[in-house]
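Read off the chains here:
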Amino acid sequence: MRRRLPPPIVALAAIGAVFISLPAIALAARAPWGRFAEILSGPGAREALRLSLEVSLAATVCAVVLGVPLAWVLARGEFRGRTVLRALAISPIVLPPVVAGVGLLMALGRRGVVGGWLYDALGVQLTFSTAGAIAAATFVSMPLVVLAAEAGFRGLDPRFEHAAAVLGARPGYAFRRVVLPMVRPQLVAGAVLAWARALGEFGATITFAGNLQGRTQTVPLAVFQLLQTDQEGAIALSLVLVVLSIAVLVALRGQITGAS
Amino acid sequence: MKRFLLLATVLLAACSSTTTSSGSAAPTDLTVFAASSLTAAFNKIGTDFEAANPGVQVTFNFGSSTDLATQIGSEGTADVFASASGTAMDTVEKDPGVQDRQDFATNSLVIITPNDDPGGVSSLQDLAKPGLQLVLAAEGVPVGDYARQMLDAAGLSKEVLANVVSNEPDDASVVAKVKSGEADAGIVYTSDISSADVRDVTIPDNENVAATYPIAVIVGAPAGDLATTFVDYVTGTQGEATLAQFGFGPPLSSG
């Protein structure tokens with residue numbers, strides 16, 4: 001028999017559920033259904049969608065390739081400053097994205113600490129380029145990979161690695177063939193959350209990479225620009241983003257929360 | 001719950017009575033709705049006006065002129081409206097109505113570059129140099145629309161717009177991108193650069209586009225005559241001098 005939940009908890013949960021789902025429902029209610037096809041097939045929307053997919057996927061790959069090793073070092077390494085390094089690695093989650101954007105400008109802009117050298121010596125400019133949009137999205141989404149992967153590594157009994165070593169596996173081989181497969185669910189969860197965060201990224205991108213159709217104007221930036229001129233277009237494009245993210249989160253629900 | 005409601009009612013009554021009680025004597029509170037580009041200039045004018053009229057307190061509500069016009073229509077707390085565009089003032093003139101409407105300032109466009117001018121820009125035509133990195137405010141943002149209008153009139157739209165590397169959300173972001181040296185040039189209002197550390201290139205009047213700022217007293221203004229006094233102050237010599245100091249031009253004679 002199912003236990004009844006206490007009414008106050010159910011009431012608060014209901015308010016929470018309504019509050020969190022109302023914006024999505026309101027977007028659907030106000031969507032210009034008659035103009036939907038026309039808006040989404042326009043060059044601005046199409047390029048924004050294509051660019052958003054490219055940028056978010058590239059950022060996810062970068063975040064995993066750099067974030068998983070960083071998580072491993074944080075989980076298994078013993079060195080001074082590890083706590084500070086962990087805080088730094090996770091800080092983009094709590095930083096206002098515009099601050100992240102200004103920080104990236106100072107670091108990687110064409111007159112930035114490192115970016116100045118990139119520009120002068122190699123002629124590489126990240127600002128106003130798709131690579132810059134990917135850098136911004138990677139910066140804000142990598143912490144989610146680090147958090148998930150480090151939790152996975154910490155939950156892993158070190159004796160598995162010892163056993164692999166005793167059986168003659170080199171550390172790199174053991175990491176690839178023993179450790180990574182065992183934390184696969186956490187890695188997938190981290191990567192999916194990172195992808196979702198990269199897909200929604202706005203503040204750091206517009207501050208660091210700018211806003212130009214076809215080059216740095218991802219869907220969130222296109223929504224922002226459409227709001228100035230064509231609110232219906234902005235609503236239609238927003239709705240695409242909402243549906244896309246909910247679909248992915250539903251499809252991967254077990255991987256992220258552990259629920260079935 | 002009942003006690004809570006009672007308390008809330010008493011508090012609300014207390015709050016509203018403090019705002020209305022001043023209305024019985026000569027009003028001393030003035031609420032001015034003004035375009036955000038006027039922020040620095042009007043804060044100075046407000047301080048000066050308060051000093052010249054002891055006991056008077058001026059409260060500003062700065063924002064986009066279009067948003068302010070909508071708020072004035074629905075709220076009824078504004079005494080004076082200073083708009084960055086005639087269209088927004090037209091909205092208010094229709095509902096709830098205005099009096100003493102007059103143009104009080106103009107704001108023209110200016111080219112800005114980083115102090116070391118990496119793109120070598122000294123005229124509007126230079127913005128068409130291939131490879132120059134130009135930032136503008138996005139379409140739909142007034143200053144961005146004015147800039148495109150100006151380029152169009154100069155017959156430079158095609159070449160110059162091909163150099164745009166970013167469409168920024170507002171004039172402050174354009175200044176930031178240029179000031180940091182990321183972009184070679186940008187186009188903003190002259191009033192944007194009074195305090196910014198950038199190099200500016202004047203655009204000749206015959207190529208420039210000027211935004212005209214109207215000001216008016218809202219019909220039924222709670223502050224009554226005080227609102228008219230403020231408008232007179234802004235349009236008078238002292239107001240004009242302060243506006244000039246912040247990069248605004250005098251109103252064009254409507255001839």
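Residues numbered from 1 in each chain as written. Chains lettered and ligands numbered in written order. Predicted model: local features only at pLDDT ≥ 70, side-chain atom pairs only at ≥ 80, totals over all residues.

Some words on unusual backbone geometry
Item 1. B:P96 follows B:D95 through a cis peptide bond whose omega is 5°.
Item 2. For A:F128, which is not glycine, the phi dihedral falls at a positive 60°.
Item 3. One can find A:F128 in the loop between α6 (115-122) and α7 (130-154).
Item 4. Here A:F128 falls in the buried class, since 24 other C-beta atoms lie within 10 Å of it.
Item 5. In this structure, B:D117 is a non-glycine residue whose phi angle is positive, near 45°.
Item 6. On the secondary structure map, B:D117 appears in the loop between β4 (98-113) and β5 (134-137).
Item 7. By the C-beta count within 10 Å, which is 15 here, B:D117 ends up partly exposed. (Helix = DSSP H or I, 4+ residues; strand = E, 2+ residues; numbered from the N terminus. Buried ≥ 20, exposed ≤ 12 C-beta atoms within 10 Å, placed from the backbone.)

Observations regarding the interface of chain B and chain A
Item 1. Taken residue by residue, the interface counts 15 residues in chain B and 14 residues in chain A.
Item 2. Here the side of chain B that touches chain A gets five residues from one element, more than from any other, and that element is strand β6 (residues 164-168) of chain B.
Item 3. Partitioning the side of chain B that touches chain A into residue classes produces six nonpolar, six polar and three charged. (Contact = placed C-beta atoms within 7 Å. Nonpolar A, V, L, I, M, F, W, Y, C, P; charged D, E, K, R; others polar.)

Here's the deal with the nonpolar core
Item 1. The biggest cluster of nonpolar side chains holds 136 residues, and the ones touching the most others in it are A:A136, A:V145, B:V80, B:F81 and B:L134.
Item 2. Of the residues forming this core, the biggest block, 15 residues, is contributed by α7(A).
Item 3. Formed jointly, this core draws a minimum of three residues from each of two domains, domain 1 (28-106 + 211-245) and domain 2 (108-210) of chain B.
Item 4. Those residues in contact with B:L134 that lie beyond four places of it in its chain are B:L127, B:V160, B:N163, B:V164, B:V165, B:A183, B:D184, B:A185 and B:G186. (Core = buried A, V, L, I, M, F, W, Y, C linked by C-beta atoms within 7 Å. Domains from an automatic or database assignment.)

Things to note about the domain arrangement of chain B
Residue and element names in this part refer to chain B.
Item 1. Domain annotation for chain B reports domain 1 (28-106 + 211-245) and domain 2 (108-210).
Item 2. Inter-centroid distance (C-alpha atoms) of domain 1 to domain 2 is 29 Å.
Item 3. Each partner contributes to the interface: domain 1 provides six residues, whereas domain 2 provides six residues.
Item 4. Here the residues of the side of domain 1 that touches domain 2 sort into two nonpolar, four polar and no charged.

Details of the pairing of strand β9 (residues 210-218) of chain B
All names here are of chain B.
Item 1. Counting buried residues along β9, seven of its nine residues qualify, which places the element largely inside the surrounding structure.
Item 2. Of the pairings in the sheet, the one linking strand β3 (residues 80-82) to β9 comprises three bridges and is antiparallel in character. If you follow A82 over to β9, its bridge partner there is I215.
Item 3. Direction of pairing for β4 relative to β9: antiparallel, over a ladder of eight bridges. Looking at the pairing, T106 lines up with T212 of β9. (Pairing = 2+ DSSP bridges.)

Some thoughts on the pairing of β5(B)
All names here are of chain B.
Item 1. Burial along β5 is two-sided: the face carrying L134 and L136 and the face carrying V135 and A137 are both buried.
Item 2. In terms of strand pairing, β5 meets β6 through four bridges, oriented parallel. Across the sheet, L136 pairs through a bridge with N167, a residue of β6.
Item 3. Here β5 pairs with strand β7 (residues 185-189) via two bridges, running parallel. Paired with L134 across the bridge in β7 is A185.

Points about the confidence of the model for chain A
Item 1. Across chain A, the average pLDDT comes to 91, with 97% of residues at 70 or higher.
Item 2. The least confident element of chain A is helix α14 (residues 253-257) of chain A, whose mean pLDDT is 61; the most confident is α7(A), at 96. (pLDDT = per-residue confidence, 0-100.)

Observations regarding the environment of B:S36
All names here are of chain B.
Item 1. If you trace the backbone, S36 turns up in the loop between β1 (29-35) and α2 (39-52).
Item 2. Judged by the 16 C-beta atoms lying within 10 Å of it, S36 is partly exposed.
Item 3. In this structure, the C-alpha to C-alpha distance between S36 and S65, residues 29 residues apart in sequence, is 7.6 Å.
Item 4. Look past the residues within four positions of S36 in its chain and what remains in contact with it is F62, G63 and S64.

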